[in-house]
Amino acid sequence: MTDTPTHCPYCALQCGMSLGNDGAEAPAPGGVRGPGPGPGGVNGVHGGDGADGGRAARRALPLRVVPREDVPANRGGLCQKGWTSTEMLNVPDRLTTPLMRASRDAPLEPCGWDQAIDRIVGEITRLQDAHGHDAVAVFGGGGLTNEKAYQLGKFARIALRTSQIDYNGRFCMSSAAAASGRAFGMDRGLPGPITDLARADAILLAGGNVAETMPPFMRHLTDAQKAGGALIVVDPRRTATARQANLHLQPTPGTDLALANGLLHLAIVEGLLDEEYLTARTTGFEAVRRVVNTYMPERVERITGVPVPYMREAVRLLARGERSYILTARGAEQHARGTDIVTAFINLALALGLPGREGSGYGCLTGQGNGQGGREHGQKADQLPGYRRLDDPAARAHVAAVWGVEPAELPGPGRSAFELLSALGTPDGPRALLLFGSNPVVSAPRSAKVEERLDALDFLAVADFVPSETARRADVVLPTAQWAEESGTMTNLEGRVLRRRRAVAPPEGVRTDLEILALLADRLHAPGTWSTEPAEVFEELREASAGGLADYSGITYERIDKEGGVFWPCPSEDHPGTPRPFLDRFATPDGRARMVPVEHGGAAEDVDPEYPVYLTTGRVLAQYQSGAQTRRVRPLVEAAPEAFVELHPDLAERLGIDDGADVRVSSRRGAATVRARLSDAIRSDTVFIPFHWAGEGRANLLTNPALDPMSRMPEFKVCAVRLEPLEPTGAGAAASRAVPSPIDEGAGR
C-alpha cells in the first residue's frame, strides 16, 4: 500500500510524516459493541452506532508512522508524541455514535445521528426564539484545520447569527498576535523559514521550552550553535532548553517586561543601536527611549533577579553579528500584560535593527497545531476571514458578498474566550454552547468556575472523538473524525500552508466537523453553501481571504503539493508567496514599524504572607495541551503518568515537604493535590505544575483569569500560592486520588 504523506496532529511545527499500513486489520475502536453502561455515567461509550444497529466497522490499524525528510521543519525527526500519534485513532473509549442525555441528571446514552441533530437544532431554535441570536455561543479550537475554522466562523455568523464565538487559541498566541499587529501591522509567527535560524549569530528565546514542547525545533537552534551562534534562554526554570543554552537568564515570574526594558537600556548605553535603521524603518523610538532610561541595570536586577553581567552579555551577543533573532513563547505571553511584555521584546529587536532583514527578526513560536491558521479565518470574536476586522465596513461587505448575505446581517464583535466562558448561563449571557476542538474544563483558567458556568447552561453540545472532561458534561456529544481520517490544510509556525491528507476512513458512525456543520446549517435553513469537501471549502476560503492581511487567494491544493507548502500572503496564483514578510516595508500605513513605550507593572497577583510562593505552569515532553489525546496513549502515560509540583529543595525543606510526597497547592481560586518533585532547576521562590491533567491535579484550578486589556489573554503564567504537605494515607494519597487513565478504563478521563 502507498504511504500517505501528511503532518503530525500536535504542535505548530507540523512535522512531516507518512502514514502506511501492512494490510493487517484491527477491530474498530471500543472493542465490544452495543449498549451497556460505561463508567462515569456514560452508557455505550465503546462505539456502536446506537440506533443504526451497531455495525462492525474494521479498519487497517495501527498505521505505521514514517518521518519525512522533505519537510524542513523536522527533517526526518519526530518526538515521542509524533511516533505514537496513530495510537489515538483506536483508543479504547473512541466515540463512534452520538450520545444524548434525556435530562441534565440522566446519563449520556447512544442515539442516532438524526435524533442528535434534531435535538441540537430544536434547542437552538427554542433558545434563540426566546432570548435572541446571542443566546447560542460557539467555541472553537486552534487544532482545527483552516477549512474547519473558516466554516465554524461562517456557521456562527450566518447560520446562528450570533456574535458569541471565540476559541481556545485566545489562551495561546493572542498576546504575541496583538503586539505584532500593533508594531508591524500584521501577525505571522516566525519572520522567515525555520531553516533561517541555523545561520543565526544569536537567538534569544523568551519563555519557551522547545526541547520538550517541539523537540525537532531544537535541531535548528543547535545547528546555529554548532556554527558559532549563541542561544540565550529566558525562563524561571532551568529547562531542557535552558540547559542547552549558552546563556540562561532566570527571572522572577512576571518580570519579563522589566528585563526586556533593561536589555534595551543597556543597548542604548553601550552604543549598540542601529541608528540608521531606527530612522529609516521605525517610529516612536524617542518615547521608548525616555521610558527605558529609568531601567538602570541595578534596578532591573532588583526587580528580576537576573545579574547585571548576564544582562550585559545577552545584549552583546544579540548585537555582535549580522543575524539575530528574538523569539517569544507562552512564558512571556500568557500574562495580564502579555501584549506589553511582547512589545518590550519587539522594541529591543527594532532598536537592534532586526525585523525586516533576511536572517534576523522577531518571531512568536505558535503553539497549537493550527494556531497560526486558526487565528486568521474567523474563529476569533472580532474577526472575519483573511485576518479582517469584524468592525471594518469594507471587510464586512467583502465577506458578506462571498457568503451571499447582506453586510448588515453579520453580527458585531462578541466576547473573548474567558469572558465568553464566564458569561455562560448568566442572565445576559448565552444559554447554549456548541463546542468544537477544545476541552476548557481542563485548559481554561480558574477551571472550577468554568465547570460551574457549563453546568448552568440550558444546553451544551460537544463534538469530539473521545469523552473528554468537557464532553462528559454535555447534553449531546457528536463523534468526530480525527486528523488521519480527513483532509485539509494547516498553517504552521512559519506561516507556511500545508496539506493534511486522509490516510484511513473514519470508523463507521463517525462524521467530520464539516459534515456536522453542514447538517446543522441545513436543518437551520442557513443561507449560503455548506460543502462537506475540504477542497471546496478551501476554494471559498481563498475567495473570502482575498485582499486581507492573511491572503490565501493564490494558494491552491495543487501548489501546496508541488511546492511543499506556500507562505501567505499569496494574492495570486502566479505570486511566489511570502516566506519573509517586511523585507521592503511593514504592513502599517506608512510602512514603518511602530515602537510603543511600555512600563513594567508586575504580576496581577503578587506573593504575600498568605500565599508566599509564585506558581508558573507549562507543558512536559510526553503530554500535550489538556491531555485529552495524550492521556489515552499508553507509552505517553507511562512516560508522564500524573501531575506533579516541581519545587526547589530549599523551599521543600522550609515547608517540610519530601520528594514524592503529596502536596496541597492552594491559590485564592482553589486547590490542587499533586506529588512533590524536588529540583534545583527552579527558583527557590517559584513552583511549577504542568497543566495536562484533570481531576484534583488540575493546574488551572489555581491560575488567575486576570485578562490582558488588549489581547484578553488570561494570566496563566504567574499567580501566588501556598504549599502544604499532606499526611500519607497508606500507599500514596496522590495515587489513590489519581483519575483513572482512559487506557485502563474505557470511559475514564
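Only a predicted model underlies this, so the values are computations on that prediction, with no experimental measurement involved. (Residues numbered from 1 in each chain as written. Predicted model: local features only at pLDDT ≥ 70, side-chain atom pairs only at ≥ 80, totals over all residues. Heavy atoms only, no water.)

Regarding the overall build of the protein
Helix and strand counts for the protein come out as 24 helices and 34 strands. In terms of C-alpha radius of gyration, the protein reaches 25 Å, essentially the compact-globule figure of 27 Å for 749 residues. Overall, the C-alpha framework of the protein stretches about 75 × 70 × 55 Å when taken along its three principal axes. Out of the 749 residues in the protein, the part that is buried amounts to 66%. Within the protein, contacts between residues separated by at least 24 positions form 75% of all contacts whose residues are at least 6 apart in sequence. A total accessible area of about 24,400 Å² is found for the protein, and carbon and sulfur atoms account for 49% of it. Side chains of the protein give 81 positive and 94 negative charges; the mean places of these two sets differ by 1 Å. (Helix = DSSP H or I, 4+ residues; strand = E, 2+ residues; numbered from the N terminus. Rg over C-alpha atoms; globule rule 2.2 N^0.38 Å. Buried < 20%, exposed > 50% of the residue type's maximum accessible area, 1.4 Å probe, protein only. Contact = heavy atoms within 4.5 Å. Areas by Shrake-Rupley, 256 points an atom, 1.4 Å probe, with all protein chains shown as cover. Lys, Arg positive; Asp, Glu negative; His and termini not counted. Charge placed at Lys NZ, Arg CZ, Asp CG, Glu CD.)

Structural notes on the sheet that holds strand S20 (residues 432-436)
In space, the 7 strands of this open sheet follow the order S9-S8-S22-S21-S20-S10-S11, with mixed pairing throughout. Two strands bound the open sheet, and with one partner strand each, they are strand S9 (109-110) and strand S11 (165-167). In the packing of helix H2 (residues 113-131) onto the sheet, the strands contacted are strand S8 (99-100), strand S10 (136-140), S20, strand S21 (459-464) and strand S22 (476-479), and the crossing angle to S22 comes to about 135 degrees. With respect to the sheet, helix H19 (residues 513-523) is in contact with S20, S21 and S22, its orientation differing from that of S20 by roughly 150 degrees. (Pairing = 2+ DSSP bridges. Axes fitted to C-alpha atoms, helices over the stretch in contact; angles between N-to-C directions.)

Focus: the pattern of salt bridges
Per the counting criterion, the structure on display carries 47 salt bridges. A salt bridge links Asp 70 to Arg 68; its shortest N-O distance comes to 3.1 Å. Since its relative accessible area comes to 55%, Asp 70 is described here as exposed. Here Arg 312 makes a salt bridge to Glu 270, at a shortest N to O gap of 3.0 Å. One end of the pair, Arg 312, is in helix H12 (residues 308-320); the other, Glu 270, is in the loop between helix H8 (256-269) and helix H9 (275-281), and 42 residues separate them in sequence. Taking relative accessible area as the criterion, Glu 270 reaches 23% and is therefore assigned partly exposed. Salt bridges here are not isolated pairs; linked through shared partners, they connect Asp 196, Arg 199, Glu 358 and Arg 580. (Salt bridge = Lys/Arg side-chain N within 4 Å of Asp/Glu carboxyl O.)

Remarks on the pairing of strand S29 (residues 662-666)
Taken across its 5 residues, S29 has 4 buried, putting it largely inside the fold. Taken together, the 5 bridges between S29 and strand S30 (residues 671-678) define a ladder with antiparallel strand orientation. Residue Val 663 lies in a different strand from S30, and its bridge partner there is Val 674. Counted along the chain from S29 to the antiparallel partner S30, the turn is 4 residues long.

A word on the sheet that holds strand S13 (residues 230-234)
Note on sheets: strands pair through backbone hydrogen bonds, and any given pair is parallel or antiparallel. Pairing in this open sheet of 5 strands is parallel, and the strands run S14-S13-S12-S16-S17 from one edge to the other. At either margin of the open sheet sits one strand with a lone partner, and together these are strand S14 (247-249) and strand S17 (361-364). Recorded for the sheet is a direction-independent mean angle of 15 degrees between the axes of neighbouring strands. By the bridge criterion, 5 bridges tie strand S12 (residues 202-206) to strand S16 (residues 324-328) in an arrangement that is parallel. Looking at S16, one finds that Leu 205 is bridged to Leu 327. Relative to S14, H12 is tilted by about 125 degrees, and along the sheet it contacts S12, S13, S14 and S16.

Concerning the environment of Pro 236
Tracing the backbone through its elements, the reader meets Pro 236 in the loop between S13 and helix H7 (240-243). Considering only alpha carbons, one finds Pro 236 and Gln 250, 14 residues apart in sequence, at a separation of 4.5 Å. Not counting chain neighbours up to four residues away, the residues in contact with Pro 236 comprise Gln 250, Pro 251, Pro 253, Ala 681, Ile 682 and Arg 683.

Section: unusual backbone geometry
Cis geometry marks the peptide bond from Trp 568 to Pro 569; its omega dihedral reads -5 degrees. The residue Gln 14 is not glycine, and still its phi comes out positive at about 50 degrees. Tracing the sequence through the fold places Gln 14 in the loop between strand S1 (4-7) and strand S2 (16-20). Look at Gln 14 and you get buried, because its relative accessible area is 1%.

Brief notes about helix H14 (residues 338-351)
Over its 14 residues, H14 runs 20 Å from end to end, which matches the ideal 20 Å to within 8%, given 1.5 Å per residue. Counting buried residues along H14, 14 of its 14 residues qualify, which places the element largely inside the surrounding structure. Gly 353, located one to two residues past H14, shows a positive phi value of around 75 degrees. (Expected span 1.5 Å × (residues − 1).)

Overview of the environment of Gly 208
Structurally, Gly 208 can be placed in the loop between S12 and helix H5 (210-213). Each C-alpha atom, one on Gly 208 and one on Asp 235, is 7.4 Å from the other, the two residues being 27 residues apart in sequence. In this structure Gly 208 touches Asp 235, Thr 241 and Ala 329, once residues within four positions along its chain are discounted.

Observations concerning the confidence of the model for the protein
Looking at the protein, pLDDT values average 92 and 92% of them are 70 or higher. Low confidence marks residues 26-58, where pLDDT is under 50. Its contacts with residues over four positions away, or in another chain, come to 84 contacts. Here residues 743-749 scores under 50 on pLDDT; set against residues more than four positions off or in separate chains, the count is 29 contacts. (pLDDT = per-residue confidence, 0-100.)

Looking at H19
Within the sequence span of H19, burial applies to Asp 513, Leu 514, Ile 516, Leu 517, Ala 518, Leu 520 and Ala 521. Buried positions along H19 lie against H2, helix H3 (146-159), S20, S21, S22 and helix H20 (534-545). His 525 sits one or two residues past H19 and shows a positive phi near 55 degrees.

Observations concerning the packing of H2 against H19
Following both chains from N to C, one finds H2 and H19 inclined at 55 degrees, their axes separated by 10 Å at the closest point. The angle between H2 and H19 falls in the class oblique. Crossing of H2 against H19: the hand is right-handed. Counted together, Trp 113, Asp 114, Ile 117, Asp 118, Ile 120 and Val 121 of H2 and Ile 516, Leu 519, Leu 520 and Arg 523 of H19 form the full contact between these two elements. By residue class, the composition of the contact of H2 with H19 is 7 nonpolar, no polar and 3 charged. (Parallel < 35°, antiparallel > 145°, perpendicular 65-115°, else oblique. Left-handed = near helix turned anticlockwise from the far one by under 90°. Nonpolar A, V, L, I, M, F, W, Y, C, P; charged D, E, K, R; others polar.)

Here's the deal with the side chain of Thr 578
Within the fold, Thr 578 resides in the loop between strand S25 (566-567) and strand S26 (593-594). Exposure remark for Thr 578: the relative accessible area of 17% places this residue in the buried category. A polar contact of 2.6 Å, which involves the side chain of Thr 578, links it to the backbone oxygen of Pro 569. (Polar contact = N/O pair within 3.5 Å; in protein donor to acceptor, adjacent residues only side chain to side chain.)

Overview of the packing of aromatic side chains
Taken as a whole and judged by the stated rule, the model has 11 aromatic pairs. Centroid distance Phe 538 to Tyr 557: 5.3 Å. Interplanar angle 45 degrees. Geometry classified as tilted. Of the two residues, Phe 538 sits in helix H20 while Tyr 557 sits in helix H21 (residues 557-563), which places them 19 residues apart along the sequence. Tyr 557 carries the same exposure label as Phe 538, and that label is buried. Here the aromatic residues Phe 184, Tyr 362, Phe 582 and Phe 586 are joined through ring pairs into a cluster of three or more. Between the NZ or CZ atom of Arg 299 and the centre of the ring of Tyr 295, over which it lies, the distance is 4.4 Å. (Phe/Tyr/Trp six-rings, centres within 6.5 Å; stacked < 30°, edge-to-face > 60°. Lys NZ or Arg CZ within 6 Å of the ring centre and 35° of its normal.)

Quick word on the side chain of Thr 686
With respect to the helices, strands and loops of the structure, Thr 686 is situated in strand S31 (residues 686-690). Residue Thr 686 is classed as buried on the basis of its relative accessible area of 0%. Polar contacts involving the side chain of Thr 686 include one to the side chain of Asp 685, which spans 2.8 Å.

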